[in-house]
Structure formats: C-alpha cells, structure tokens
Amino acid sequence: MKALILLAWQSLRNRKTTAMLTVLTVAISTTLLLGVEKVRTQAKASFAHTISGTDLIVGARSGQVNLLLYSVFRIGNATNNIDWQSFQTLRQQKAVKWAIPISLGDSHRGFRVIGTNQDYFRHYQYGNRQHLQFQQGAAFHGLFETVIGAEVARKLGYKIGDAIIVAHGISDQAFTRHDKLPFTITGILAPTGTPVDRSVHVSLAAIEAIHVGWESGTHLGHTPDSETLSHHQFQPQQITAVLLGLNSKIQTFALQRFINTFAGEPLSAIMPGVALHELWGMMSVAEQALLVISVFVVIAGLLGMLSSLLTSLNERRREMAILRATGARPGWIAGLLFLEATTLTLIGILAGTIALYGGLWLSHEWLLDTFGLFLPLTAPTPYEWGLAGMILVAGMLTSLLPALRAYHLSLADGMTIRI
C-alpha cells in the first residue's frame, strides 16, 4: 500500500500542470458550495441575533417584514409615523414592562441616526439577551449629545468629544445638513455585530430641536442656534416605531390584538421571531437556487476531473505496460488511478476550504461595511463537514470510471506497449 501511495504521488508530480488544474477546479467548487452554506447560515444567525428580549415591535400599519426591516435592521422606510400620544397609551398598559421609542429619518455620512431615550441603553438586547455596553464614555444627557456605534467610530475615526453634523433625510448632502447644530460624541458603544454598530443615537428632543425651521421638509424657516434651543423643552410629536418588553410572555397575544385594533390610529404589532420566520420564507427560493447552482458547479468540477483522467489514459498506456512488465497486476493499476483521483479531490477540498476562510478573513470588514453582514470565523459545522465529505465521496465515485478503464486497458495490453 505504501508503494502504491508513493507511486501515485510521483505520478501526480510528473503531471503537475494537469493535476494543479484539476485541484483548482475542485477547490473552486468546494469554495462556492461551502461559501453559500456559510453565508446562508451565518446571515440567518446574524439577523436572528440582532434583537433579543423584545416581545413586540409596534409601527404604523404595514407588513410585518417591512416593519421589522426598518425598525431593527435600518433597511427601508416607514409607511407612516406613530403619534406620541399613542406611544404614551401603549407604555401605560399593564402588560408593558418597558417601551423604547425610536425615531428614524436622518443620517450622518451614510449611517442612520436614531432618536430614542435612555431606555434604549437600559433595555435593548441582542444575541443571547446581551445588553448594550459602552466601549468609551457614557449615554447622552444634553440636548446636542450623541452616542455612536462601534463601526461608526472605527470607519470615520471618531473619538469622545468630537463634533458631528446630522443631515436631514437619508441622503447626506450639503444642503440637507443641520450645520448650525453640531452634536458632541459622549459615548461609543462596544461592538455587537448588529445594526447598532452602524447607528448614531441622539435624544428624541434633539430630533425635534434640529428640525425647527424644517417643518415643511426643507430648510425654509429660521433655525435658532444651539444655545437658544437648549433653553426650550422639546416634546416629540411623532415617532417611527416602538420596541416593547412585557411582564409575561402570556400577555403577548392579547396586547398584540389590542394594538392591531387600536382606535386612535392604524398600528401594527409584530413578534420579531415570527417576522424573521416570514423573512426566511421569502428568501428560501433564493437560498435553494444558490444551493442548486453550487451543486452543479461541483458536478462540473468533478466532470472536468473525469475528462482529464480519461484523456490521459491513452497517453499512459506505455506507463501501464511498463508497470505490468515489472509485476503489477491490473487491479493494482486500477487502484493507482483511483488513488490519484481521490488524492486530487482531497487536496482540492482542503484548498477550497482554506481559500474560503482566507476570503472571509480578508473580506470580513468589507462585508460588514457594505452589506451589514457579520460573518464570524467559526469552525466548520457538522453539516459543512458533511458537504465536504459528500464532495470527497463524489470524487471517489467519479474516479471509478477511469480506474475501471485502466483495468480493462491493462488486461488488453498486457505487457505489450501499444500506442
């Protein structure tokens, strides 16, 4: 057996160009198949860990996926706002333990600005019921103070005490900026791997203050300076969404029914877990399509290896005749071809796995910046090991055809060299 392994290795070295191309084909197939699975599972985990411990999310009447996307993931926009009096009514319900108001609509250099209150830092949870922690500084208390996420600080190079300018709306253009009203950074949150890292947090009163003179949606009126505004008491008129934590899970459905039939204005209350499940259902077709494409790429790679091995058989008939002349049996020659193909498949799988994790390591920050996708470098899951094993088994089965072909050729040629 040892002699067979050494001979197979020497044979591959003598045909290293063909062997390297075959390994590359299998490696690309493996990278794509495992990469699709890695992105699929980690994306689900990343989305699922974005919010935890919140029983209901309340917003203006809309679909539950849309409400989940704009209130939690900062994707898209609300169909309407919630009246502040409605928020007060919801907060006073006996079933409600805590309520976090959220006001969206402004931005800073591509990052969403969130208007909220101190309850956000006390009660918002992510992952496995983890609370927000401050990497530096503390929560805002003054009117023009802000707390930024870890990604905002890292990408823009901000530190405690820096001043930032908030822009009106999602598009941060010169004519939309509240230039006269800078915010001072008082806190930087610790990384969470969620949209919180890419958010700028200010008070609800600050949202009202910076929009004095912007009531029509554009800057047509006079905006007082920060000193003048700081002497006023600002009360929010409207907010975008509310995150609710309840005293008991049993009360969830009753409160959801109350909110969905709220007489004051049309509202929707959704459970984050149910909305996420619907979101995955919408994405399942795309997931399956990507998986099917990956499987076909693997099949194409293995067929390429098969074609290479079969093509090389005629060129190796002299080699097989020499091996027969030295005492090798036809089965031994078939085993040589089988071992070569299996070795190429195994090396291709290892190379593809290394390429995948190397690519994830290099593109980690880019994926987070561009798509908000947090892909931690975790060890392969049992399912991923199973996929790699399936590729290896498929490669071994594929190698049976050239092995059987070599067996029959060696029987037909015997020790006579036939070209």
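See the structure above.
First things first, this report covers the structure right here in the doc. Note that the structure is predicted; figures quoted are calculated from it, not measured.

How each quantity is defined
- Residues numbered from 1 in each chain as written.
- Predicted model: local features only at pLDDT ≥ 70, side-chain atom pairs only at ≥ 80, totals over all residues.
- Heavy atoms only, no water.
- Helix = DSSP H or I, 4+ residues; strand = E, 2+ residues; numbered from the N terminus.
- Buried < 20%, exposed > 50% of the residue type's maximum accessible area, 1.4 Å probe, protein only.
- Pairing = 2+ DSSP bridges.
- Core = buried A, V, L, I, M, F, W, Y, C linked by side-chain atoms within 4.5 Å.
- Contact = heavy atoms within 4.5 Å.
- Phe/Tyr/Trp six-rings, centres within 6.5 Å; stacked < 30°, edge-to-face > 60°.
- Lys, Arg positive; Asp, Glu negative; His and termini not counted.
- Salt bridge = Lys/Arg side-chain N within 4 Å of Asp/Glu carboxyl O.
- Polar contact = N/O pair within 3.5 Å; in protein donor to acceptor, adjacent residues only side chain to side chain.

## Some details on the overall build of the chain
Line of reasoning, step 1. Broken down by element type, the chain carries 13 helices and 14 strands.
Line of reasoning, step 2. Within the span of the chain, comprising 419 residues, buried residues form 50% of the whole.

## Regarding the pairing of strand β4 (residues 111–116)
Line of reasoning, step 1. With 6 of 6 residues buried, β4 lies mostly within the body of the structure.
Line of reasoning, step 2. Pairing of strand β3 (residues 96–108) with β4 involves 4 bridges; the strand directions are antiparallel. In the strand pairing of β4, His108 is matched with Phe111.
Line of reasoning, step 3. Counting the residues between successive antiparallel strands, the hairpin from β3 to β4 contains 2 residues, one of them, Arg109, with a positive phi of roughly 50 degrees.

## Brief notes about the nonpolar core
Line of reasoning, step 1. Counting residues in each nonpolar core, the largest one holds 32 residues, and the members touching the most others are Ile57, Leu68, Phe121, Tyr124, Leu132 and Leu243.
Line of reasoning, step 2. Considering each element in turn, this core owes the most residues, 6 residues, to helix α3 (residues 64–72).
Line of reasoning, step 3. Every residue in contact with Leu132, bar those within four places of it in the chain, is listed here: Tyr120, Phe121, Tyr124, Tyr126, Leu189, Thr192 and Val196.
Line of reasoning, step 4. Listed in part, the 22 residues of the second largest apolar core include Phe183, Ile185, Val200 and Ile210.

## What about the packing of aromatic side chains?
Line of reasoning, step 1. Scanning all chains against the criterion turns up 7 aromatic pairs.
Line of reasoning, step 2. Judged by centre distance (5.4 Å) and plane angle (65 degrees), the ring pair of Phe144 and Phe183 falls under edge-to-face. Of this pair, Phe144 sits in the loop between β7 (134–137) and β8 (145–148) while Phe183 is found in strand β10 (residues 183–189), placing the two residues 39 residues apart along the sequence. Each member of the pair, Phe144 together with Phe183, is buried.
Line of reasoning, step 3. Where Phe258 meets Phe262, the ring centres are 5.9 Å apart and the plane angle is 75 degrees; that geometry is what we call edge-to-face.
Line of reasoning, step 4. Residue classification places Phe258 among the partly exposed positions, given a relative accessible area of 31%.
Line of reasoning, step 5. Put simply, the rings of Tyr120, Phe121, Tyr124, Phe134 and Phe140 pair up and form one aromatic cluster.

## A look at α3
Line of reasoning, step 1. Among the 9 residues of α3, 7 are classified as buried, and the element is accordingly described as predominantly covered.
Line of reasoning, step 2. Within the sequence span of α3, burial applies to Val65, Leu67, Leu68, Leu69, Tyr70, Ser71 and Val72.
Line of reasoning, step 3. Directly after α3, the chain includes Arg74, whose backbone phi takes a positive value near 60 degrees.

## Points about the environment of Asp106
Line of reasoning, step 1. Tracing the backbone through its elements, the reader meets Asp106 in strand β3.
Line of reasoning, step 2. Here the alpha-carbon distance between Asp106 and Ala167, two residues 61 residues apart in the chain, equals 5.8 Å.
Line of reasoning, step 3. Contact partners of Asp106, with chain neighbours within four places excluded, come to Phe111, Arg112, Val113, Val166, Ala167, His168, Gly169, Ile207, Ile210 and His211.

## Section: the side chain of Arg112
Line of reasoning, step 1. Mapped onto the secondary structure, Arg112 falls in strand β4.
Line of reasoning, step 2. Put simply, Arg112 is tucked away with no salt bridge, and the nearest opposite charge, on Asp106, sits 9.5 Å away.
Line of reasoning, step 3. Only 3.0 Å separates the side chain of Arg112 from the backbone oxygen of Gly76, close enough to count as a polar contact.
Line of reasoning, step 4. In this structure Arg112 touches Arg74, Gly76, Asn77, Asp106, Ser107, Ile170, Arg198, Ser199 and Val200, once residues within four positions along its chain are discounted.

## Examining the pattern of salt bridges
Line of reasoning, step 1. Going through the model one piece at a time under the given rule, you end up with 5 salt bridges.
Line of reasoning, step 2. Here Lys249 and Asp55 are joined by a salt bridge, their closest N and O atoms 2.4 Å apart. Taken as a pair, Lys249 in the loop between β13 (241–246) and α9 (252–260) and Asp55 in the loop between α2 (16–48) and β1 (56–60) lie far apart in primary sequence, 194 residues in all.
Line of reasoning, step 3. Its relative accessible area of 51% is what places Lys249 among the exposed residues.
Line of reasoning, step 4. Residue Asp55 is classed as buried on the basis of its relative accessible area of 8%.
Line of reasoning, step 5. Arg154 is paired through a salt bridge with Glu151; the nearest N and O atoms lie 2.4 Å apart. Of the two residues, Arg154 and Glu151 are both situated in helix α6 (residues 150–156); the distance of 3 residues between them amounts to about one turn of the helix.
Line of reasoning, step 6. Under the relative-accessibility criterion, Glu151 is labelled buried at 6%.

## Considerations on the pairing of β10
Line of reasoning, step 1. Counting buried positions along β10 gives 6 out of 7 residues, so the element sits mostly inside the fold.
Line of reasoning, step 2. Direction of pairing for β7 relative to β10: antiparallel, over a ladder of 3 bridges. Bridged to Phe134 within β10 is Leu189.

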